[in-house]
Amino acid sequence: MNHEVLKSVIYDQHKIIESCKIVEREYNFDLNANYVVVGLRRAGKSTLLYKIIQDLIKNGTDWNQIIYINFEDERLSEFSITDFNDILSVQAEMSDKKGWFFLDEVQNIEGWEKFARRMADSKEHTFITGSNSNMLSREIESRLGGRYLTKYVTPYNFREFLTANNLDFSEKSVLATKESGKIKRAMESYFHFGGFPENLTYIDKREYVSSIYQKILLGDIAARNGIRNTNGLRLLIKKIGESVKDEVSYSKLHNILKSIGVNISKDVVIDYIGYAQQSFLVFAIRNYYSKFVEKETTPKYYFNDNGLLNLFLNNGEPRLLENLVAINLWNKYKNSVYYLKGKNFDADFFVEDTGEVIQVAYSITNISDDRETKALAEAAKSVKEAKRFIITYEEEDELTIDGVKIEVIPIWKWLIRN
């Protein structure tokens with residue numbers, strides 16, 4: 001690889017990083033460790049690396065020690081595994097001090113794992129980002145030999161979103177009428193358009209989210225996996241979006257597509273859903289009481305950002321509300337999150353680690369006869385020492401149904417608290 005081209009890429013990136021204004025996020029890094037930073041496209045992975053670099057510079061590191069390579073730069077379109085050694089050579093040319101290496105979207109280079117492992121073995125400071133969950137697979141972990149810690153990055157959570165909008169969410173502000181009103185207004189935007197950091201600067205937020213979705217669909221899913229039937233893929237993702245809140249099997253999705261003239265096999269449906277999960281577009285939550293096969297084949301699917309889901313819905317507030325709760329729980333607890341469904345009970349979420357049983361209802365009326373509260377009360381009885389919640393859009397209360405105490409809390413307060 002031409003060293004002058006590499007240096008040009010690095011120096012141009014230095015200017016970008018130096019001028020970048022960064023919102024504090026709820027992530028911490030141990031600078032004695034190496035990291036693989038993964039997550040949804042445009043979730044802010046690169047900006048987290050920028051923050052690490054800015055802090056290093058403040059603490060005395062020289063810019064010439066910073067080697068930041070973005071592998072989506074068109075100047076590196078011909079870069080291959082044989083060129084990685086040139087990165088080390090360029091760093092030695094730039095500084096006689098130890099370097100800090102930041103390899104952004106490195107999954108674009110086949111065989112990157114071998115170089116990453118060599119860097120760790122050589123005790124080089126190395127941070128790697130990627131937008132493909134294959135980088136979290138057991139195979140990759142095996143190839144890296146436990147030499148890297150994994151950091152999963154999401155779009156802004158609600159606290160980070162409020163911080164980015166310069167809104168205080170202390171107890172004083174939550175209780176104050178005027179300040180809480182500002183928080184609720186921010187929730188309306190977050191609820192419908194999600195938490196992609198750059199979206200705060202756009203007037204047409206839906207269009208921006210749509211552009212990200214197209215890149216995920218056509219780039220991270222279709223192009224990366226050699227999918228030619230992009231229309232079938234689009235319709236499948238659309239049907240998954242319309243099915244949020246509901247159990248949905250591979251067979252059901254296959255039959256839905258078949259009924260509208262999309263001729264793809266069930267095996268292809270399974271593959272496409274797997275690719276969507278690998279790209280962090282969607283994730284699955286399973287029934288705690290189901291047998292293994294049913295757990296794997298009939299889950300509920302959710303989108304990793306509300307703005308993405310909202311592209312597929314009309315008047316879909318109940319689905320958006322449940323999706324937002326699912327995002328928060330999944331990001332915090334991952335595979336400890338289930339839903340509960342049995343013969344006589346049903347609850348939207350159960351967190352095994354904490355014992356929380358959660359029902360989501362956009363609005364609750366006629367409380368004593370409400371289906372959501374009765375279903376939650378019955379489901380909670382199946383879990384020893386359960387903590388019971390109903391999450392609404394704006395209603396707040398404390399109920400006792402069939403001897404079971406239930407806290408009713410609006411989504412904005414719950415997200416600040418969690």
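Preceding this section is the structure that the text describes.
Everything numeric here is computed off the predicted structure, so don't read it as measured data.

## Topic: helix H3 (residues 84–94)
Among all positions of H3, only Phe84, Asp86, Ile87, Val90, Gln91 and Met94 are buried. For H3, the buried positions fall inside an angular range of 145 degrees around the axis, keeping them on one side. The inward-facing, buried residues of H3 abut helix H1 (3–19), strand E2 (66–70), strand E3 (100–104) and helix H4 (112–121).

## Quick word on the side chain of Arg25
With respect to the helices and strands, the residue Arg25 is situated in the loop between H1 and strand E1 (35–39). A residue is classified by how much of its surface remains accessible, and Arg25, at 13% relative accessible area, is buried. Within the structure, the side chain of Arg25 is placed 2.9 Å from the backbone oxygen of Ala43, a separation counted as a polar contact. Ignoring anything within four residues of it in the chain, the contact list for Arg25 reads Ala43, Gly44, Leu48, Val153, Thr154, Pro155, Tyr156, Glu160 and Pro197.

## As for the environment of Arg286
Here Arg286 shows up in strand E6 (residues 282–287). Beyond its immediate sequence surroundings of up to four residues, Arg286 is in contact with Lys295, Glu296, Pro299, Tyr338 and Tyr339. In this structure the side chain of Arg286 is engaged in a polar contact, spanning 2.9 Å, whose partner is the backbone oxygen of Lys295.

## Side note on the pairing of strand E10 (residues 356–360)
Counting buried positions along E10 yields 5 of 5 residues, so the element is predominantly enclosed. Residues Glu356, Ile358 and Val360 point to one face of E10 and Val357 and Gln359 to the other, with burial holding for every one of them. One ladder, built from 3 bridges, connects strand E9 (residues 346–351) with E10; its direction is antiparallel. The residue of E10 that forms the bridge with Phe349 is Ile358. Once E9 ends, the chain turns through 4 residues before running back antiparallel as E10, passing Gly355 with a positive phi of about 80 degrees. Alignment of E10 against strand E11 (residues 387–392), held across 5 bridges, turns out to be parallel. Bridged to Gln359 within E11 is Ile390.

## Some words on H4
Since the α-helix advances by 3.6 residues per turn, residues separated by three or four positions end up pointing in the same direction. Trp112, Glu113, Phe115, Ala116, Met119 and Ala120 are the residues of H4 that are buried. For H4, the angular spread of buried residues about the axis comes to 165 degrees, placing them on one side. Just beyond H4, the residue with positive phi is Lys123, at close to 60 degrees.

## Looking at the packing of aromatic side chains
Applying the stated criterion across every chain, the model contains 26 aromatic pairs. Each ring, one from Phe29 and one from Tyr35, has its centre 4.9 Å from the other, and the planes form 80 degrees; the classification is edge-to-face. Both residues of the pair, Phe29 and Tyr35, count as buried. Geometrically, the ring pair formed by Phe71 and Phe79 is edge-to-face, given 5.1 Å between the ring centres and 70 degrees between the ring planes. You'll find Phe71 and Phe79 in the same group, each marked buried. Aromatic ring contacts, followed pair by pair, group Phe29, Tyr35, Tyr50, Tyr68, Phe102 and Phe127 into a single cluster. Its end group placed over the ring of Phe29, Lys151 keeps NZ or CZ at 5.2 Å from the ring centre.

## Structural notes on the sheet that holds strand E5 (residues 149–153)
If you trace the 5 strands from one edge of the open sheet to the other, you get E2-E3-E4-E1-E5, paired in parallel fashion. Only two strands of the sheet have a single partner each, and these edge strands are E2 and E5. The sheet shows a mean angle of 15 degrees between the axes of neighbouring strands, taken without regard to direction. Both E2 and E3 contribute to a ladder of 5 bridges, which runs parallel. In the strand pairing of E3, Asn70 is matched with Asp104. Relative to E2, H3 is tilted by about 145 degrees, and along the sheet it contacts E2 and E3.

What counts and what doesn't
Residues numbered from 1 in each chain as written. Predicted model: local features only at pLDDT ≥ 70, side-chain atom pairs only at ≥ 80, totals over all residues. Heavy atoms only, no water. Buried < 20%, exposed > 50% of the residue type's maximum accessible area, 1.4 Å probe, protein only. Helix = DSSP H or I, 4+ residues; strand = E, 2+ residues; numbered from the N terminus. Arc of directions from axis to C-beta. Contact = heavy atoms within 4.5 Å. Polar contact = N/O pair within 3.5 Å; in protein donor to acceptor, adjacent residues only side chain to side chain. Pairing = 2+ DSSP bridges. Phe/Tyr/Trp six-rings, centres within 6.5 Å; stacked < 30°, edge-to-face > 60°. Lys NZ or Arg CZ within 6 Å of the ring centre and 35° of its normal. Axes fitted to C-alpha atoms, helices over the stretch in contact; angles between N-to-C directions.

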